[in-house]
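Single-letter residue listing:
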Amino acid sequence: MRTRQIAYIRDYNSPPKVSGKVTHRQSVRLGRTAKLPCPVEGDPPPLKMWTKDGRNIHSGWTRFRVLQHGLRIKEVETDDAGTYICKATNGFGSVNINYTLIVIGKWFLKTG
């Protein structure tokens, strides 16, 4: 009796690719929390790095938190408006997701 062997092929070693829907223009109210997703997959899993207006976002940016699935900005200020980029890289390539963050200010009607 002969046995048959079946080989399963998995797509290993793939460059990062965008794996979800992205809304490139995001609006947030002053003082609220902004969340910018970075839905990227690849094999090996890519390293994600965020920039704002060309500057790397790092742990010294206290209101900014780089999470596994995106970027969170607490207590948004007017200066947080700008261009954000999530760059995902592995040994087989990289991909960028670009965002424009718009901060909506509070308007008061002065009477009297």
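What you see is a predicted model; the values in this text were computed from it and never measured.

## Concerning the sheet that holds strand E7 (residues 64-67)
No. 1: The strand order across the open sheet built from three strands is E3-E8-E7, with neighbouring strands paired in antiparallel fashion. In this open sheet, the two edge strands, each paired with only one partner strand, are strand E3 (34-37) and E7. Direction aside, the axes of adjacent strands within the sheet are offset by 15° on average.
No. 2: As paired strands, E7 and strand E8 (residues 70-73) are joined by four bridges and run antiparallel to one another. For Arg 65, the partnering residue across the bridge sits in E8 and is Arg 72.

## Notes on the pairing of strand E2 (residues 25-29)
No. 1: Burial along E2 is one-sided: the residues Gln 26 and Val 28 are buried and none of Arg 25, Ser 27 and Arg 29 is.
No. 2: Relative to strand E10 (residues 93-104), E2 is paired through five bridges, and the arrangement is parallel. Paired with Val 28 across the two strands is Val 103, which belongs to E10.

## Some words on the environment of His 24
No. 1: One can find His 24 in the loop between strand E1 (14-18) and E2.
No. 2: Overall, the relative accessible area of 45% leaves His 24 in the partly exposed class.
No. 3: Residues His 24 and Thr 100 lie 76 residues apart in sequence; the distance between their C-alpha atoms is 6.2 Å.
No. 4: Residue contacts for His 24: discarding those within four places in its chain leaves Ile 97, Asn 98, Tyr 99 and Thr 100.

## Some words on the environment of Thr 62
No. 1: With respect to the helices, strands and loops of the structure, Thr 62 is situated in the loop between strand E6 (55-56) and E7.
No. 2: Judged by relative accessible area, which is 66%, Thr 62 ranks as exposed.
No. 3: On a C-alpha basis, the gap between Thr 62 and Lys 74 in space is 8.9 Å, while along the polypeptide they are 12 residues apart.

## Structural notes on the pattern of salt bridges
No. 1: For the structure shown, the criterion picks out four salt bridges.
No. 2: Residue Lys 17 is joined to Glu 41 by a salt bridge in which the shortest nitrogen-to-oxygen separation is 4.0 Å. Residue Lys 17 is found in strand E1, and its partner Glu 41 is found in strand E4 (residues 40-43); the two are separated by 24 residues along the sequence.
No. 3: Members of the salt-bridge network, linked through shared partners, are Arg 63, Glu 77 and Asp 80.

Quick notes on the rules
- Residues numbered from 1 in each chain as written.
- Predicted model: local features only at pLDDT ≥ 70, side-chain atom pairs only at ≥ 80, totals over all residues.
- Heavy atoms only, no water.
- Pairing = 2+ DSSP bridges.
- Helix = DSSP H or I, 4+ residues; strand = E, 2+ residues; numbered from the N terminus.
- Axes fitted to C-alpha atoms, helices over the stretch in contact; angles between N-to-C directions.
- Buried < 20%, exposed > 50% of the residue type's maximum accessible area, 1.4 Å probe, protein only.
- Contact = heavy atoms within 4.5 Å.
- Salt bridge = Lys/Arg side-chain N within 4 Å of Asp/Glu carboxyl O.

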